[in-house]
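Report on the structure
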Amino acid sequence: MIDRRAGVFVLLALALGFGGAGCGEDATQLIVVVDSDLSVPAELSRIQVVVSGPAASQPPIDVELAGSGAPRLPLTLGVSPAGDALGPVTVRALGHSGGRVIVEASGRTTLVRGQSRVLWLFLGRSCVDEMCGSNERTCRDGRCASIDVPFGELPRWTGEIPARPIDAGPRSDAALDAALDADRDLDGAPDVQPRDLGPPIEGGPEDDAGPAEDAGPEEDSGPPPPPCPGGCDDGMACTIDRCDLGLGRCEHTPVDLDGDSYADAACGGEDCDDGDPAVHPAAREECDGDDDDCNGADDDGCPCSPLGTVEACTTSCGSSGMRACTASGWLDCVPPGESCNAVDDDCDGQVDEGHAYVATGARMLSASGRSSRRPAVAAGSDSIVGVWQRDASSGVLGPRWVIEAMRVTSAGASDGAAMVVADRVSSVWPAITATTDGYALAWWEPTRSLGDPEPDGVGFGLLRADGSRAGPSSRVEDVGTSTPSPAIAWSGTELGVAYEGSDFWLERLSPTGMPLGGRQRIGGAVDSTLLALVWSGVEYAVLWREGAGMSLARGLVEPFRRTSITTDPRDEEDLALAATSRGFVAVAGDDHNDVFVHVSADGGETFRPGTRLSTAHSQGTSCDPQEMHGVASVTAGPDQVLVLWAEDGVVGGPGGTGGGGTTRIAMARFGADGTMLQPPTVVADAQPSNLQPAAVWLGDHAVLLWSATAGSCTDRAIWSASVGCP
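As the structure is a computational prediction, the values presented were derived from the model and not from experiment. (Residues numbered from 1 in each chain as written. Predicted model: local features only at pLDDT ≥ 70, side-chain atom pairs only at ≥ 80, totals over all residues. Heavy atoms only, no water.)

1. What about the overall build of the protein chain?
Summing up its helical and strand segments, the protein chain has one helix and 44 strands in all. Out of the 726 residues belonging to the protein chain, those deemed buried represent 50%. A separation threshold of at least 6 residues defines the contact pool for the protein chain, and within that pool the share at least 24 residues apart is 51%. When the accessible area of the protein chain is evaluated, it comes to approximately 31300 Å², of which 50% is carbon and sulfur surface. (Helix = DSSP H or I, 4+ residues; strand = E, 2+ residues; numbered from the N terminus. Buried < 20%, exposed > 50% of the residue type's maximum accessible area, 1.4 Å probe, protein only. Contact = heavy atoms within 4.5 Å. Areas by Shrake-Rupley, 256 points an atom, 1.4 Å probe, with all protein chains shown as cover.)

Below you can see the structure in the form of structure tokens.
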């Protein structure tokens, strides 16, 4: 059953008039006249007429020319629009002989509202077996021509058949058969109320074949019975219903709305898109995002689809890029430009190159009134804790130092009060690292300097996530009267504590502080108390001063692998070490006010000559003439390192000689390959006597701590700030 929507044209067969429409200029219609110069029925036994509009093709009218009661040529049919669309409408006549199409004639035009015109379709002998190779062309008088015919060039319908534009000679039949008068619409049943639209339309001249043979009087048996009693509508939306007049039976053809010879899959056919003639089981699969060949898979066999698509992708360095689909497949993911976000966006191995990190305003972190210095800071999974040493003496017996801890926010502000976490006799030079459940702390206990008979040693304690003490403190090792400058690192399963005694040593501890296998000798100590320790991801790495240079040792147990680092022939006064994705960055501040950065990009086997950062590196201030200035470095992700140091506020000023002046905290950034990503930048300059910077990286920015005077020389406080993208 066909849905006649707008754009559908109704085809009606006419006998002695144009049934269902009127004459004159007020009717919108196309009168189709089908004729032939072929012998009927010997050469031409059946004619089919098919009408196609913008919406779909309509079921053909099928006229048998052989047998008793068959109509005679010419046939006259009417085409009227069933909606608002007036075209284009295509009418095609197919002439059959012996069960095959031997000739066709087509015309395409667009109707004009209120006008009736005549379209001749002549099935000429000169066009037999000439199909012109395209639905856009048809045969006229032996020649192929376009099927398009301007509506204005067609003869007007006056109620009589006009002469054909080109005379093809006499026709073999002279008039329409009277049987069509009873069945104008060829539906197998007589018309109920045929409209009288004027006198009969005469056919062309008949063949001069002499008088007709007298067949005797016909028996008056009344009109013949309809070939398809009751009509052929089966009430099903998935079939096109028609009556085959020649066979006298109904035919129900599966719906094929797009005319690609495949029935709609919704009606049990194989066409998965019956609205697109380019989609069917025999179609070639295109890389267009659709299932063109109806095999259930979109774009099977395509390297990617649809061609020309551009989509988001993840680059080799983990950033979000774009890639394009081509005939050869997806192109490589193109990274975006570099943004300031602590990520290597453009996959060049550098982080935030071309961008400058800036610092927030400095703020006082510890309470003033007592001298606080030598800060250290670490970040756990859900907190940040800073530690420092504070003078807790009464001022009568000389300094007595304790170590305080404070929880810090990600912006560097205090997140609670300072708490004493180490107070055995005297506790200085704290070092802190985050563990799985909290923090571990190591420090130096200079007992002999206070008249205590106990030898100097390395203290150890555990802190909770909020910075409070978790249990009593203990000693890792007695170290005589030296300055051990302890350092501490967490491997993920154990703790490493490095310090100086008669040599440099590494003590491995359980998460609760129990020794694991005894201390390991790292190397010889030569004229220095400086030490730095990191966990590289697979082993410990220890940096110390050796003569006028530095040495790096790596391993878990002795013997450790050693690498010598050649520096300027001056004594290093401060050291710092950071691990990167390629190796290590070693920082040294010497006693001639310079800071050098040495980079190893081969896992620590060799170090490049140092990059000089400052010619005004502070060695002390008027308050602290002998105080070491301090350098620090922190791994900011696997591919960059922040280097911090204290320098004179005025280049060449008295601070460079240790005699006075103010100092400031400066910073530079380096890539894992040694590229300087950001030149020296001042990050703290408001307080006098800025010394001893420390820092921790939080994923996208760093929190800085340093010591600075808060008023008098005896009133030093811990200050803080954060550094990152603006």
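2. Looking at the pairing of strand β13 (residues 310-314)
Looking at chain direction, β13 and strand β14 (residues 320-326) are connected through five bridges and run antiparallel. In the sheet register, A312 faces β14, and the bridge partner there is M322. Where β13 folds back onto β14 in an antiparallel hairpin, the turn is made up of five residues, including G318, whose phi is positive at roughly 90°. (Pairing = 2+ DSSP bridges.)

3. Some details on the nonpolar core
One finds L30, V34, I47 and V91 to be the most contacted residues of the largest nonpolar core, which totals 33 residues. If you list the elements that add at least two residues to this core, you get β2 (29-36), β3 (46-52), β4 (61-64), β5 (75-81), β6 (89-97), β7 (100-109) and β8 (116-123). Sequence-distant contacts of L30, that is, excluding residues within four places in its chain, are made with L77, G78, V79, V91, T109, L111, R117, L119, F151 and L154. Among the nonpolar cores identified, the runner-up in size contains 23 residues, and Y357, L691, A717 and A721 belong to it. (Core = buried A, V, L, I, M, F, W, Y, C linked by side-chain atoms within 4.5 Å.)

4. Focus on the sheet that holds strand β31 (residues 540-546)
Taken in spatial order, the four strands of this open sheet run β30-β31-β32-β33, and their pairing is antiparallel. Both outer strands of the open sheet, β30 (531-535) and β33 (561-565), are each paired with one neighbouring strand and no more. Between one strand and the next, the sheet's axes are offset by a mean angle of 20°, whatever the strand orientation. Note that β31 and strand β32 (residues 549-555) share seven bridges and pair antiparallel. The residue of β32 that forms the bridge with L543 is L552. (Axes fitted to C-alpha atoms, helices over the stretch in contact; angles between N-to-C directions.)

5. Overview of the pattern of salt bridges
Within the structure shown, the criterion is met by 22 salt bridges. Between E539 and R561 there is a salt bridge; the shortest N-O distance is 2.7 Å. Here R561 lies in strand β33 and E539 lies in the loop between β30 and β31, a separation of 22 residues in the sequence. Several salt bridges converge on common partners, so that one network encompasses R46, D62 and E64. (Salt bridge = Lys/Arg side-chain N within 4 Å of Asp/Glu carboxyl O.)

6. Notes on the confidence of the model for the protein chain
When the pLDDT values of the protein chain are averaged, the result is 81; 80% of them are 70 or greater. Model confidence for the protein chain, summarised as mean pLDDT per element, is weakest for helix α1 (residues 179-182) at 37 and strongest for strand β26 (residues 487-490) at 97. Taken as a whole, residues 167-213 scores under 50 in pLDDT and shows 94 contacts with residues more than four places along the chain or in a different chain. In this model residues 651-660 is a low-confidence stretch, pLDDT under 50, and it forms 19 contacts with partners more than four residues away in sequence or in other chains. (pLDDT = per-residue confidence, 0-100.)

7. Looking at the state of the cysteines
By the definition in use, this model includes nine disulfides. A disulfide bridge connects C287 with C302, and the sulfur atoms are separated by 2.1 Å. Linking C287 and C302, the disulfide has an S-S dihedral of approximately -100° and is accordingly described as left-handed. Highlighted residues: C287 in the loop between β12 (249-254) and β13 and C302 in the loop between β12 and β13, separated in sequence by 15 residues. By relative accessible area, which is 18% here, C302 ends up buried. (Disulfide = S-S within 2.5 Å.)

8. A few points about the sheet that holds strand β25 (residues 474-480)
Spatial strand order, β22-β23-β24-β25: four strands in an open sheet with antiparallel pairing. With one partner strand each, in any of the chains shown, β22 (428-434) and β25 form the two edges of the open sheet. When strand polarity is set aside, the average angle formed by the axes of neighbouring strands in this sheet is 20°.

9. Side note on the pairing of β31
Within β31, six of the seven residues are buried, leaving the element largely enclosed by the surrounding structure. The loop that links β30 with its antiparallel partner β31 comprises four residues; one of these, G537, has a positive phi angle of about 115°.

10. Brief notes about the packing of aromatic side chains
Scanning the model with the defined rule gives four aromatic pairs in all. Ring geometry for Y357 versus W697: centroids 6.3 Å apart, planes at 10°, classification stacked. Here Y357, found in the loop between β15 (329-330) and β16 (358-359), pairs with W697, found in strand β42 (residues 691-697); they are 340 residues apart in sequence, far enough to count as distant. Classification of Y357 by relative accessible area gives buried; the value is 1%. When the ring of W535 is compared with that of Y540, the centres are 4.8 Å apart and the planes differ by 70°; the resulting orientation is edge-to-face. The ring of Y357 carries the charged tip of R669 above its face, separated from the ring centre by 4.0 Å. (Phe/Tyr/Trp six-rings, centres within 6.5 Å; stacked < 30°, edge-to-face > 60°. Lys NZ or Arg CZ within 6 Å of the ring centre and 35° of its normal.)

11. Overview of a negative patch on the surface
Side chains of D273, D288, D290, D298 and D300 sit close together on the surface and give a patch of like negative charge. If you trace the backbone, D273 turns up in the loop between β12 and β13. D273 sits in the partly exposed class, given a relative accessible area of 34%. (Patch = residues over 30% accessible without salt bridge, like charges linked within 9 Å, V, L, I, M, F, W, Y side chains within 5 Å. Lys, Arg positive; Asp, Glu negative; His and termini not counted. Charge placed at Lys NZ, Arg CZ, Asp CG, Glu CD.)

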